[in-house]
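# Structure at a glance
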Amino acid sequence: MSTKNEVLSLLIANSDSFISGEEIARTLGVSRAAVWKAIKALRGEGYAIDAVTNRGYILGSDNDIITPELIGAHLKNDIEVLCYPTIDSTNNEAKRLLGTGKTNTFLVTADEQTGGRGRQGKTFYSPALTGVYLTLVLHPMKPLGSAVSVTTAAAVAVCRAVERLTDKKPQIKWVNDVYLGGKKICGILTEAVTDFETQTVTSVIIGVGMNIKTVQFPHDVENAASLNADIRRAELIAAIADEIMHVADSPAAEYMDYYRTHSMIIGERINFIKNGVVTPAKAEYIDENGGLAVRLENGEITTLTSGEISIRRF
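Rules and cut-offs
- Residues numbered from 1 in each chain as written.
- Predicted model: local features only at pLDDT ≥ 70, side-chain atom pairs only at ≥ 80, totals over all residues.
- Heavy atoms only, no water.
- Helix = DSSP H or I, 4+ residues; strand = E, 2+ residues; numbered from the N terminus.
- Rg over C-alpha atoms; globule rule 2.2 N^0.38 Å.
- Buried < 20%, exposed > 50% of the residue type's maximum accessible area, 1.4 Å probe, protein only.
- Contact = heavy atoms within 4.5 Å.
- Lys, Arg positive; Asp, Glu negative; His and termini not counted.
- Charge placed at Lys NZ, Arg CZ, Asp CG, Glu CD.
- Phe/Tyr/Trp six-rings, centres within 6.5 Å; stacked < 30°, edge-to-face > 60°.
- Lys NZ or Arg CZ within 6 Å of the ring centre and 35° of its normal.
- Polar contact = N/O pair within 3.5 Å; in protein donor to acceptor, adjacent residues only side chain to side chain.
- Salt bridge = Lys/Arg side-chain N within 4 Å of Asp/Glu carboxyl O.
- Disulfide = S-S within 2.5 Å.
- Pairing = 2+ DSSP bridges.
- Axes fitted to C-alpha atoms, helices over the stretch in contact; angles between N-to-C directions.
- Parallel < 35°, antiparallel > 145°, perpendicular 65-115°, else oblique.
- Left-handed = near helix turned anticlockwise from the far one by under 90°.
- Nonpolar A, V, L, I, M, F, W, Y, C, P; charged D, E, K, R; others polar.

Right, let's talk about the overall build of the chain for a bit. Looking only at helices and strands, the chain has eight helices and 15 strands in total. By the compact-globule yardstick of 20 Å for 314 residues, the chain fits well, its C-alpha radius of gyration being 22 Å. On the principal axes, the C-alpha backbone points of the chain span a range of 80 × 45 × 35 Å. Relative to its full complement of 314 residues, the chain shows a buried share of 48%. Across the chain, the fraction of contacts at a sequence separation of at least 24, relative to all contacts at a separation of at least 6, is 62%. Placing the 32 positive and 37 negative side-chain charges of the chain at their respective mean positions leaves the two points 4 Å apart.

Next comes the structure, spelled out in structure tokens:
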């Protein structure tokens, strides 16, 4: 590890108190000049580092950059973290990395996406430095049927992370959009890599895009808003990744009640679109597999599954 990264690790580990240049130098076995050079380099990368005479250095409270070190400082799980200033799509990069033979659990993040993707071929607006754009790759090695609920699990994980770190109360619009105050703040795109011979899911790619402080949206982006919470992106990224790993490894029964209580669609009159046909219905309940049971106008109950429909509230 370079001196710069070692200094950063010490600052992160002592984030609640000052640490003197002399102590840093002694701990790392380097000169005071090397410490100052590292501090200067870190500031050049965007880290806010406060310095007070006779007290030393401390990470500023306004740091909102994302780096493997800052995200890793908040992670509870062993996850490799890769950060990019700009990328086409974190999901795309995850696929490229899987193509090189990566088999570990890893997290791809970016300050900006130039080609962020959503469900059904839609785009996800991802301007620089105003949101959280991440993809977590897991390797469940499970039968295809048992891996279907990962989308539901991811929505639960995002809401739990937001509730743990803020006073916000998000809701889930079936199947995997997260809303706040009736407006969308987060989209989730899950993709699977499957061994067709064994019908086993070898890797799951879970993409999450959340608006944190985005103010202006393109005219074609409808009903969007931001989290608007005083929170550091690195901490939120780590919380989401940890929650996804926890929930995805749990039986669906353990988180499905949470999903139901956070649903914004149950009891609502809706339109669903299937095979190009718009059908009015009433959302009745969410079943044990995450399917949405709806009552048609003729009284018939039918269950909708992800990938077949989109929901539009009246």
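This part takes up the packing of aromatic side chains. Scanning all chains against the criterion turns up one aromatic pair. Taking the ring centre of Phe 106 as reference, the NZ or CZ of Lys 102 above it sits at 5.2 Å. Lying across the ring of Tyr 258, Arg 160 places its NZ or CZ 4.9 Å from the centre.

Structurally, Asn 63 can be placed in the loop between β2 (56–59) and α4 (68–74). The class of Asn 63 is buried, set by a relative accessible area of 10%. Separated by 2.9 Å, the side chain of Asn 63 and the backbone oxygen of Gly 60 make a polar contact. Aside from chain neighbours lying at most four places away, what touches Asn 63 is Gly 46, Tyr 47, Ala 48 and Arg 232.

Glancing now at the pattern of salt bridges. Pairing is possible between side chains of opposite charge, provided their charged atoms come close. Enumeration over the complete set of coordinates arrives at 15 salt bridges. Where Arg 96 meets Glu 93, a salt bridge forms, and the shortest distance between an N and an O atom there is 2.9 Å. One end of the pair, Arg 96, and the other, Glu 93, are both in helix α5 (residues 90–99), three residues apart, so they sit about a helical turn from each other. According to the relative accessible area criterion, Arg 96 is partly exposed, its value standing at 41%. Note on Glu 93: relative accessible area 11%, which makes it buried. Overlapping salt bridges, with partners in common, bring together Asp 64, Asp 111, Lys 213, Asp 230, Arg 232 and Arg 233 in one network.

The tally for this structure, following the rule as stated, stands at zero disulfides. Not part of a disulfide, Cys 186 finds its nearest cysteine sulfur in Cys 159, a span of 7.9 Å.

Among all positions in helix α1 (residues 3–13), only Val 7, Leu 8, Leu 10, Leu 11 and Ile 12 are buried. Packed against the buried residues of α1 are α2 (21–28), α3 (32–44), β1 (49–52), β2 and α4.

Pairing analysis gives four bridges linking β1 to β2, with the strands arranged antiparallel. Counted as the bridge partner of Asp 50 is Ile 58 from β2. The turn joining β1 and β2, which pair antiparallel and follow one another in sequence, is formed by three residues; a positive phi near 70° is taken by Asn 54.

Before going further, it helps to examine the packing of helix α6 (residues 150–165) against helix α7 (residues 233–248). At a closest axis distance of 8 Å, the pairing of α6 and α7 adopts a crossing angle of 135°. Classified by the angle their axes make, α6 and α7 are oblique. Classified by chirality, the crossing of α7 by α6 is right-handed. On the side of α6, the interface is formed by Ala 153, Val 156, Ala 157, Val 158, Arg 160, Ala 161, Arg 164 and Leu 165, while α7 contributes Glu 235, Leu 236, Ala 239, Ile 240, Glu 243, Ile 244, His 246, Val 247 and Ala 248. Tallied by class, residues from the contact of α6 with α7 come to 12 nonpolar, one polar and four charged.

The next thing to look at is the environment of Pro 280. With respect to the helices and strands, Pro 280 occurs in strand β12 (residues 277–286). Spatially, the C-alpha atom of Pro 280 lies 35 Å from that of Thr 194, the residues being 86 residues apart in sequence.

Across the 12 residues that make up strand β10 (residues 200–211), a large majority, 11, are buried. Across 10 bridges, strand β9 (residues 183–195) lies against β10 in antiparallel orientation. Considered in β10, the bridge of Thr 194 is made with Val 201. Where β9 folds back on β10, the antiparallel hairpin that results is connected by four residues, among which Gln 199 adopts a positive phi of roughly 55°.

Working note: non-glycine residues mostly have negative phi, and peptide bonds are mostly trans. The step from Trp 174 to Val 175 runs through a cis peptide bond, and the omega angle for that step is 15°. Assignment of secondary structure puts Val 175 in the loop between β7 (171–173) and β8 (177–180). For Asn 223, which is not a glycine, the phi torsion comes out positive at approximately 55°. For Asn 275, which is not a glycine, the phi torsion comes out positive at approximately 55°. Locating Asn 275 in the fold gives a position in the loop between β11 (269–274) and β12. By relative accessible area, which is 72% here, Asn 275 ends up exposed.

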